[in-house]
Amino acid sequence: QPTSKSLASLPPATPTDTVVRTESASRQTRVEPVLSYTGVIIDTRGLSLNRSMSPVIRRIDGSKLWTGGDADPDYVIGEGIVVYAFTMDSALQELRAGKRPLMLKAAAKHDTPFSSDPLLSEEDAEQLTKYGQRDGFLKEYHVVFVVDR
């Protein structure tokens, strides 16, 4: 579940066709829409993260979480597997972030072989895995890194 800090700056979400059934105190079943994430914004400011054509999102232990390795080489060269922004406002304007991005804060950066890979806490790594699989934004390379100038 995203933190209240990350939800405070998000625009309203639109429900998907996916539903969750819950039971109220009277044991009646009601259907609630599940809200989809449209992309992910990872705030790496303060870490001096370097730009790269093929950054990897990693868990805090350094293991790979997402590589974008299945991207077409022409897409990597022309578009990049991630978009870089200098401010959160500009990141939120990026088309790849979409209208309701999952917002995470990198815990550190991985220095080998390059300083271009953000490390996520275990909690954030679990969120990215869960929602990335459910909503498919990682497969579409809807990834934005907010970096230092």
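Residues numbered from 1 in each chain as written. Predicted model: local features only at pLDDT ≥ 70, side-chain atom pairs only at ≥ 80, totals over all residues. Heavy atoms only, no water.

Visitor: Please explain the nonpolar core as it appears in this structure.
Guide: Side chains of a nonpolar character, in soluble globular proteins, are inclined to be buried together. Formed by 26 residues in total, the largest nonpolar core has its most connected members in Val 40, Ile 57, Leu 128 and Phe 145. Elements with a contribution of two residues or more to this core: β3 (39–43), β5 (64–66), β7 (101–105), α4 (122–135) and β10 (143–146). When residues in this core are grouped by element, the largest group, three residues, is from α4. Beyond its immediate chain neighbours, meaning those up to four positions away, Ile 57 contacts Ile 42, Lys 64, Leu 65, Trp 66, Pro 118, Leu 120, Leu 128, Val 143 and Phe 145. Ile 41, Met 88, Ala 91 and Val 144 belong to the second-largest nonpolar core, a separate cluster that totals nine residues. (Core = buried A, V, L, I, M, F, W, Y, C linked by side-chain atoms within 4.5 Å. Buried < 20%, exposed > 50% of the residue type's maximum accessible area, 1.4 Å probe, protein only. Helix = DSSP H or I, 4+ residues; strand = E, 2+ residues; numbered from the N terminus. Contact = heavy atoms within 4.5 Å.)

Visitor: Explanation requested: α4 in the structure shown.
Guide: The end-to-end C-alpha separation of α4 is 20 Å, in line with the 20 Å expected for 14 residues at 1.5 Å each. Buried within α4 we find Asp 124, Ala 125, Gln 127, Leu 128, Tyr 131 and Gly 132. Looking straight down α4, one finds that the buried residues subtend no more than 160° of arc, so they occupy a single side. The exposed set on the far side of α4, more than 90 degrees from its buried face, consists of Glu 126, Lys 130 and Gln 133. In this structure, the buried side of α4 is in contact with β3, β4 (57–59), β5, β7 and β9 (117–120). (Expected span 1.5 Å × (residues − 1). Arc of directions from axis to C-beta.)

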